[in-house]
Amino acid sequence: MTPPSQPRERLRVAIQKSGRLGDPARELLASCGLTWRESRDRLFLYGESLPVDVLLVRDDDIPALIADGVCDLGIVGRNVLVEHGLERAATGRDGRLTEWRRLGWGACRLDVAIPDDQEWTGPEQLAGLRIATSYPRTLARWLEEQGVDAQPVLLNGSVEIAPRLGQADVVADLVSSGGTLRANQLEPVTTILESEAVVAGPDHALDDGRQEIADLLLRRLDGAVRLKEARLLMLRTGRSELGAVLALMPAGHEPTVMQVDGREEVSVQALVHGSVSWSRLEELKRAGAHNLMVLPVEGMLA
């Protein structure tokens, strides 16, 4: 049984101390208005602006720290969270975790990859093969769902070179661009799991007032994630061209249209999602817009 967590009035959040999710997670928390005082070893950040402390740890340790009550929340890849949950369930341990928020960055896939000189015919092709992976529980679940009997081979690093070393026939590895696999003459052929950075937490509300702090942090995270992809598009156009211009506006909030004093034109501004390409700006200009500007948004309160 997992021992009960000690009563606390401060929220603890675990993030990677290094790795591809570490710096973005810290920047995201800072964008929520969090400031800290660092410990000498720089592994513990004591929250000063909010009662939210941050632990810098290995990504593989984050789910266990949450499940054991050491931390309340964590920012981790879905791939790590799913593997931990399957391992914990298989060994009969308590402490179920869930995704509290998808964060929309850190995207990657857990893919099966085969030698690039082979033709992929489907999962049944894997029957009887050795599959090198760092995620054996996730792979085993997928193989069971596919009705395929194959052998996961656990490797904690350099999974992509396993076939060349004779350790495995194919691999199930994390893929972002696929460049590492291609460099090792492997071709990703099917996806086992789509992953991204998530806020992980227990499958129940927190105690001791920490849920209120967590709710505040999550609201700020939601705003920060939306803000990261938000741009303010501003332009002017004639009234006769307004319809054509509005039809080309990128997805986002409903545009605000204002009359320009003393002129037969209007000013248009809108909060849009994501970047605005040069080609889109050129289309708007051809439709009759001018004085186009795309500005970053540094603060937003709905």
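Residues numbered from 1 in each chain as written. Predicted model: local features only at pLDDT ≥ 70, side-chain atom pairs only at ≥ 80, totals over all residues. Heavy atoms only, no water.

Taking an unreviewed UniProt entry as the reference, the protein is identified by name as ATP phosphoribosyltransferase belonging to Ornithinimicrobium avium. The UniProt entry for the protein carries the following comment under Function (unreviewed entry): "Catalyzes the condensation of ATP and 5-phosphoribose 1-diphosphate to form N'-(5'-phosphoribosyl)-ATP (PR-ATP). Has a crucial role in the pathway because the rate of histidine biosynthesis seems to be controlled primarily by regulation of HisG enzymatic activity." Quoted straight from UniProt, the Catalytic activity (unreviewed entry) entry for the protein says "1-(5-phospho-beta-D-ribosyl)-ATP + diphosphate = 5-phospho-alpha-D-ribose 1-diphosphate + ATP". (UniProt positions renumbered as here; feature names shortened; annotations may be inferred.)

**Q** What am I meant to see in the domain arrangement of the protein here?
**A** Under the domain assignment, the protein is made up of domain 1 (11-106 + 197-208), domain 2 (108-194) and domain 3 (230-296). Centre-to-centre, using C-alpha coordinates, domain 2 lies 47 Å away from domain 3. (Domains from an automatic or database assignment.)

**Q** Any chance you could explain the packing of aromatic side chains here in plain terms?
**A** Aromatic ring pairs are reported here in terms of the distance separating the ring centres and the angle at which the planes meet. Per the stated rule, a full pass over the model turns up zero aromatic pairs. Looking at R10, its charged tip hangs above the ring of Y46, at a distance of 4.0 Å from the centre. (Phe/Tyr/Trp six-rings, centres within 6.5 Å; stacked < 30°, edge-to-face > 60°. Lys NZ or Arg CZ within 6 Å of the ring centre and 35° of its normal.)

**Q** Can you walk me through helix 1 (residues 22-31) in this structure?
**A** The periodicity of an α-helix, 3.6 residues per turn, causes residues three or four places apart in sequence to face the same way. Along helix 1, the residues classified as buried are G22, A25, L28 and L29. Around the axis of helix 1, the buried residues are gathered within 130 degrees of arc, so they sit on the same side. Pointing more than 90 degrees away from the buried face of helix 1 are the exposed residues D23 and E27. Residues of helix 1 that are buried sit in contact with strand 1 (11-16), strand 2 (36-38), strand 4 (52-57), strand 5 (73-77) and helix 7 (210-228). (Buried < 20%, exposed > 50% of the residue type's maximum accessible area, 1.4 Å probe, protein only. Helix = DSSP H or I, 4+ residues; strand = E, 2+ residues; numbered from the N terminus. Arc of directions from axis to C-beta. Contact = heavy atoms within 4.5 Å.)

**Q** Explanation requested: the layout of surface pockets in the structure shown.
**A** Here the idea is plain: a probe the size of a water molecule rolls over the atoms and shows the empty space left. One number sums up the size of the largest pocket: a volume of about 760 Å³. What lines the largest pocket is a set of 30 residues, among which D60, N79, V80, S134 and Y135 lie closest to the centre. Per-element tally for the lining of the largest pocket: the top contributor is helix 3 (residues 78-90), with six residues. Residue composition of the lining of the largest pocket, grouped by class: 11 nonpolar, nine polar and 10 charged. (1 Å grid on protein atoms, 1.4 Å probe; cavity = no way out; pocket = protein on both sides within 12 Å on 5 of 7 lines; lining within 4 Å. Points joined across faces, edges and corners; volume = space filled by probe spheres on them. Nonpolar A, V, L, I, M, F, W, Y, C, P; charged D, E, K, R; others polar.)

**Q** Help me understand the sheet that holds strand 7 (residues 108-115), please; the structure alone is not making it clear to me.
**A** Whether parallel or antiparallel, the strands of a sheet pair through hydrogen bonds between backbone atoms. Read from one edge of the open sheet, five strands run 9-8-10-7-11, paired in mixed fashion. The sheet is open, and its two edges are formed by strand 9 (151-154) and strand 11 (186-195), each paired on a single side. Taking the axes of each pair of neighbouring strands and ignoring which way they run, one obtains an average angle of 30 degrees across the sheet. Here three bridges tie strand 8 (residues 130-133) to strand 10 (residues 170-175), and the two strands are oriented parallel to one another. Residue pairing in the sheet places I131 in a bridge with V170 of strand 10. Where helix 3 meets the sheet, its contacts fall on strand 7, strand 10 and strand 11, and the angle it forms with strand 11 comes to roughly 75 degrees. Where helix 4 (residues 136-146) meets the sheet, its contacts fall on strand 7, strand 8, strand 9, strand 10 and strand 11, and the angle it forms with strand 11 comes to roughly 95 degrees. (Pairing = 2+ DSSP bridges. Axes fitted to C-alpha atoms, helices over the stretch in contact; angles between N-to-C directions.)

**Q** Would you explain the UniProt feature "domain: ATP phosphoribosyltransferase catalytic" (unreviewed entry) in the protein in this entry?
**A** On the UniProt side, "domain: ATP phosphoribosyltransferase catalytic" (unreviewed entry) is annotated at positions that read residues 58-218 here. End-to-end, the C-alpha atoms of residues 58-218 are 23 Å apart, and along that stretch the chain is 30% helix and 30% strand.

**Q** How do you make sense of unusual backbone geometry when you look at a structure like this?
**A** Trans is the prevailing form of peptide bonds, just as negative phi is the prevailing case for residues other than glycine. A positive phi angle is found at Q185, which is not glycine, with a value near 60 degrees. Judged by its relative accessible area of 41%, Q185 falls in the partly exposed class. One non-glycine residue, D208, lies in the positive phi region at around 60 degrees. With respect to the secondary-structure elements, D208 resides in the loop between strand 12 (197-202) and helix 7.

**Q** Teacher, can you tell me more about the packing of helix 3 against helix 4 here?
**A** Each pair of packed helices can be summarised by the angle the axes make with each other and by the distance between the axes. Where helix 3 contacts helix 4, the axes come no closer than 8 Å and their chain directions differ by 80 degrees. The angle between the axes of helix 3 and helix 4 places the two elements in the roughly perpendicular class. Contacts between helix 3 and helix 4 involve V82, E83, L86, E87 and A90 from the former and P136, R137, T138 and R141 from the latter. For the contact of helix 3 with helix 4, the per-class residue count stands at four nonpolar, one polar and four charged. (Parallel < 35°, antiparallel > 145°, perpendicular 65-115°, else oblique.)

**Q** I would appreciate a short explanation of the sheet that holds strand 4 in the present structure.
**A** With mixed pairing, seven strands are arranged side by side in an open sheet as 2-3-4-1-5-12-6. Strand pairing shows two members of the sheet lacking a second neighbour, strand 2 and strand 6 (97-102), which therefore form its edges. Put simply, the sheet's adjacent strands are angled 30 degrees from each other on average, direction ignored. When strand 2 meets strand 3 (residues 44-47), the two strands line up antiparallel, connected through three bridges. Bridge assignment links R37 to a residue of strand 3, and that residue is Y46.

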